[in-house]
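# Summary of the model geometry
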Amino acid sequence: MENEEKKKSASRIKKEEEVASLVEKMNQAQALLLTDFRGLSVAGATELKGKLKADKAEMLVAKNTLLSIAAKKAGYEVPAQDLTGPTAAIFAYEDQVSPIKALATFIKGTEIPKIKIGFLNKEAYSKEKIMELAKLPSKEVLLGQVVGGISSPLYGVVRVLNANLRNLVYTLDQIGKSKGSTNA
C-alpha cells in the first residue's frame, strides 16, 4: 500500500509540475490557441511544430484537465466544450498573428488540426475570428502601410511648398525681366 501511495504522490507531483509549466507558458504567451489534433500524423505534427517554431511559437499536447486547471490559474476563461477530445495548445510568444497565419496555411493543406478557441492577450476569440486574423497582412506589411500612410501627406506638403517657391522664383524672374526691358 505504501508503494501505491508513493506512486500516486509521484504522479501527483508530476501533474502539478506540468500544470505549473503550462501556467508559465500561458503567462508568457501573446496568443494561445487550443486545437483538436485528431487525425494529425506524427510527420504532420512535426512539420507543424517546425513552422510554429520559426514564428516563435510552440505546440504542446496536454490533458484537458491539466489545461483547464492551468488556464484558470493563468486567468483564461476556457469554455468546457473547448476542453473535450484530444487538445493541443499553441503558444505564440512574440507576434500574435504570424503563428496563426502559419497554422491557417497548414490547415488549408490538411484540414487538421481544427481550431477550438483562441486567445489574444487573454481575450477569447472564436475559431472564425481566429481564421479572419490569419488573413491579415504580416506585421512588416502593416508597418509599411502605416509608414506609407504617414509619409504620403508629408510628400504632398513638400510638393505644395516647392510649387509655391517655384511660383515665387518665376514671378520674381518675370518682374526682373519686365524692369530690365523698361530700362533698356
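Refer to the structure presented above.
Reference entry: report on the structure contained in this document. (Residues numbered from 1 in each chain as written. Predicted model: local features only at pLDDT ≥ 70, side-chain atom pairs only at ≥ 80, totals over all residues. Heavy atoms only, no water.)

Moving on: the overall build of the protein. The secondary structure content of the protein amounts to six helices and five strands. Going from N to C terminus, the protein has its helices and strands arranged as α-β-α-β-α-β-α-β-β-α-α. In terms of overall dimensions, the protein is more spread out than a globule: its C-alpha atoms have a radius of gyration of 29 Å, far above the 16 Å expected for 184 residues. Projecting the C-alpha coordinates of the protein onto the three principal axes gives extents of approximately 125 × 30 × 25 Å. When the 184 residues of the protein are sorted by exposure, 31% land in the buried category. Counting every atom, the protein has about 12,200 Å² of accessible surface; 58% of that belongs to carbon and sulfur. If the 28 positive side-chain charges of the protein are averaged to one point and the 21 negative ones to another, these points end up 5 Å apart. (Helix = DSSP H or I, 4+ residues; strand = E, 2+ residues; numbered from the N terminus. Rg over C-alpha atoms; globule rule 2.2 N^0.38 Å. Buried < 20%, exposed > 50% of the residue type's maximum accessible area, 1.4 Å probe, protein only. Areas by Shrake-Rupley, 256 points an atom, 1.4 Å probe, with all protein chains shown as cover. Lys, Arg positive; Asp, Glu negative; His and termini not counted. Charge placed at Lys NZ, Arg CZ, Asp CG, Glu CD.)

What follows covers helix H5 (residues 127–134). Looking only at H5, the buried set comprises Ile 130, Leu 133 and Ala 134. The arc that holds every buried residue of H5, seen down its axis, measures 105 degrees, which confines them to one face. Close packing links the buried residues of H5 with strand E1 (31–36), helix H4 (97–110), strand E4 (114–120) and strand E5 (123–125). (Arc of directions from axis to C-beta. Contact = heavy atoms within 4.5 Å.)

Quick look at the packing of aromatic side chains now. Under the definition given, this model contains two aromatic pairs. Look at Tyr 76 and Phe 119: their rings are 5.1 Å apart centre to centre, the planes differ by 85 degrees, and that puts the pair in the edge-to-face class. Taken together, the positions of Tyr 76 in the loop between helix H3 (64–74) and strand E3 (87–92) and Phe 119 in strand E4 put the pair 43 residues apart, joining distant regions of the chain. Phe 119 shares its class with Tyr 76; the two are buried. Seen in terms of ring centroids, Phe 91 and Tyr 93 are 6.4 Å apart; in terms of plane orientation they differ by 10 degrees. Their pairing is stacked. Overall, the relative accessible area of 0% leaves Phe 91 in the buried class. With relative accessibility at 22%, the residue Tyr 93 sits in the partly exposed group. (Phe/Tyr/Trp six-rings, centres within 6.5 Å; stacked < 30°, edge-to-face > 60°.)

To continue, consider unusual backbone geometry. Of note, the bond from Ile 112 into Pro 113 is cis; its omega dihedral lies within 30 degrees of zero at -5 degrees. For Pro 113, the position within the fold is in the loop between H4 and E4. If you check the backbone angles, Asn 121 has positive phi at about 50 degrees while not being a glycine. With respect to the helices, strands and loops of the structure, Asn 121 is situated in the loop between E4 and E5. Assessed through its relative accessible area of 54%, Asn 121 is described here as exposed. The phi angle at Lys 122 is positive, at roughly 70 degrees, despite the residue not being glycine. Mapped onto the secondary structure, Lys 122 falls in the loop between E4 and E5.

Once that is clear, we can look at the sheet that holds E3. Sheet architecture is open: five strands sit in the order E2-E3-E1-E4-E5, paired in antiparallel fashion. Strands with a single pairing partner mark the edges of an open sheet, and in this sheet they are strand E2 (57–61) and E5. If you compare each strand with its neighbour and ignore which way they point, the axes differ by 20 degrees on average. Across three bridges, E4 lies against E5 in antiparallel orientation. For Leu 120, the partnering residue across the bridge sits in E5 and is Glu 123. Helix H2 (residues 42–54) rests against E2 and E3 of the sheet, and its axis sits at about 145 degrees to E2. (Pairing = 2+ DSSP bridges. Axes fitted to C-alpha atoms, helices over the stretch in contact; angles between N-to-C directions.)

From the geometry alone we can't say anything about function, so treat these as descriptive.
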